Amino acid sequence: MKTITNAALVVGAVSLIIGLVLRLAVKPIALGLVPSSFLEFSLACFLLTIALNTMSK
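Keep in mind it's a predicted model, so treat the numbers as computed, not measured. (Residues numbered from 1 in each chain as written. Predicted model: local features only at pLDDT ≥ 70, side-chain atom pairs only at ≥ 80, totals over all residues. Heavy atoms only, no water.)

1. Let's talk about helix α1 (residues 2-25)
Worth spelling out the cut-off: Here a helix means four or more residues in a row that DSSP labels H or I, a strand means two or more in a row labelled E, and each is numbered from the N terminus. The length a helix should cover is 1.5 Å for every residue beyond the first. Only protein chains enter the calculation, and the probe is 1.4 Å; a residue is then buried if its accessible area is under 20% of its type maximum, exposed if over 50%, and partly exposed in between. Contact definition: two residues touch when any of their heavy atoms are within 4.5 Å.
With 24 residues, α1 should reach 34 Å at 1.5 Å per residue; the first-to-last C-alpha distance of 35 Å fits that figure. Those residues of α1 that sit buried are Thr5, Ala8, Gly12, Ser15, Gly19 and Leu22. Of the surrounding secondary structure, the elements contacted by the buried residues of α1 are α2 (35-56).

Encoded structure:
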């Protein structure tokens, strides 16, 4: 369970960084993904991390 939590946290942090860089660059990437897509995905990863941490305690 700890491995999944750590993986979700790392993926969320990477997604947050990508979203911020794309927001500063002000351009979408391939497949029409906009920076807000990455930011919303990072929020979902962080919520999953919180849920898994509270479930394991």
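2. A short note on α2
Note the cut-off: Throughout, the arc means the angular range of directions from the helix axis out to the C-beta atoms.
When the terminal C-alpha atoms of α2 are compared, their 32 Å separation across 22 residues agrees well with the 32 Å that a helix rising 1.5 Å per residue should span. Among the residues of α2, those classed as buried are Pro35, Phe38, Leu39, Ser42, Cys45, Thr49 and Leu52. For α2, the angular spread of the buried residues around the axis is 150°, confining them to a single face. Turned more than 90 degrees away from the buried face of α2 sit Glu40, Leu43, Leu47, Ile50, Thr54 and Met55, all of them exposed. On its buried face, α2 is in contact with α1.

These figures come from the coordinates and say nothing about function on their own.
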